[in-house]
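# Structural overview for review
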Amino acid sequence: MSKGAGGGLGTRAVRASSCLLARAHGKGRQAEEGLSVLAETLTMVSKIGERSHKAELYRLKGELTLQSQTSLGQVQGKSKTGQGRSEVE
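So, here is what we can say about the structure in this document. Predicted, not measured: the structure shown is a model, and the values here were computed from it. (Residues numbered from 1 in each chain as written. Predicted model: local features only at pLDDT ≥ 70, side-chain atom pairs only at ≥ 80, totals over all residues. Heavy atoms only, no water.)

## Here's the deal with the pattern of salt bridges
All chains considered together, the criterion is met by three salt bridges. Here Arg-59 ties to Glu-56 by a salt bridge, and the two come within 3.0 Å at their closest N and O atoms. Of this pair, Arg-59 and Glu-56 both sit in helix H3 (residues 54-88), separated by three residues, roughly a single helical turn. Owing to a relative accessible area of 39%, Arg-59 belongs among the partly exposed residues under this scheme. Taking the shortest distance from any N to any O, the salt bridge between Arg-59 and Glu-63 comes out at 2.7 Å. (Salt bridge = Lys/Arg side-chain N within 4 Å of Asp/Glu carboxyl O. Helix = DSSP H or I, 4+ residues; strand = E, 2+ residues; numbered from the N terminus. Buried < 20%, exposed > 50% of the residue type's maximum accessible area, 1.4 Å probe, protein only.)

## As for the side chain of Ser-18
Summarising the element assignment, Ser-18 is placed in helix H1 (residues 3-27). The exposure class assigned to Ser-18 is buried, which follows from its relative accessible area of 10%. Of the polar contacts made by the side chain of Ser-18, one reaches the side chain of Thr-41; its length is 2.9 Å. (Polar contact = N/O pair within 3.5 Å; in protein donor to acceptor, adjacent residues only side chain to side chain.)

## A few points about unusual backbone geometry
Even without being glycine, Arg-29 reaches a positive phi, approximately 60°. Relative accessible area serves as the criterion here: at 64%, Arg-29 is assigned to the exposed category.

## A short note on the side chain of Gln-67
Examined against the element boundaries, Gln-67 turns out to sit in helix H3. Relative accessible area serves as the criterion here: at 14%, Gln-67 is assigned to the buried category. Only 2.8 Å separates the side chain of Gln-67 from the backbone oxygen of Gly-26, close enough to count as a polar contact. Among residues more than four places away in sequence, those in contact with Gln-67 are Gly-26, Arg-29, Gln-30 and Ala-31. (Contact = heavy atoms within 4.5 Å.)

## Overview of the nonpolar core
Membership of the largest hydrophobic core is limited to 10 residues, which are Cys-19, Ala-22, Ala-31, Leu-35, Leu-38, Leu-42, Val-45, Leu-57, Leu-60 and Leu-64. If you list the elements that add at least two residues to this core, you get H1, helix H2 (31-48) and H3. Here this core takes five residues from H2, the largest share from any one element. Once you skip the residues sitting within four places of it in the chain, Leu-35 turns out to touch Lys-61, Leu-64, Thr-65 and Ser-68. (Core = buried A, V, L, I, M, F, W, Y, C linked by side-chain atoms within 4.5 Å.)

## Side note on the environment of Ala-31
Here Ala-31 shows up in helix H2. Judged by relative accessible area, Ala-31 falls into the buried class, the value being 7%. As for Ala-31 and Leu-64, which are separated by 33 residues in sequence, their C-alpha atoms are 5.2 Å apart. Excluding residues that lie within four positions of it along the chain, Ala-31 makes contacts with His-25, Leu-64, Gln-67 and Ser-68.

Structure representation (structure tokens):
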């Protein structure tokens, strides 16, 4: 059995569980944790040369990145609003 064939099923299972875990983090508003899971998965996928679900991994990465930036923007917007009020008052 070749190295690629032996690792195929295991890597598919890891990749699938990583996608599910990243999605769960996203739904739980934990985008940073989801991005961390995807970074590890993408590193593993790149090392073994697996490409079959790479597009889905990058799609999830984009989704979580947008969610993370939106959350960050909301926090920064609130702090700017709070700062603006203190200057006016």
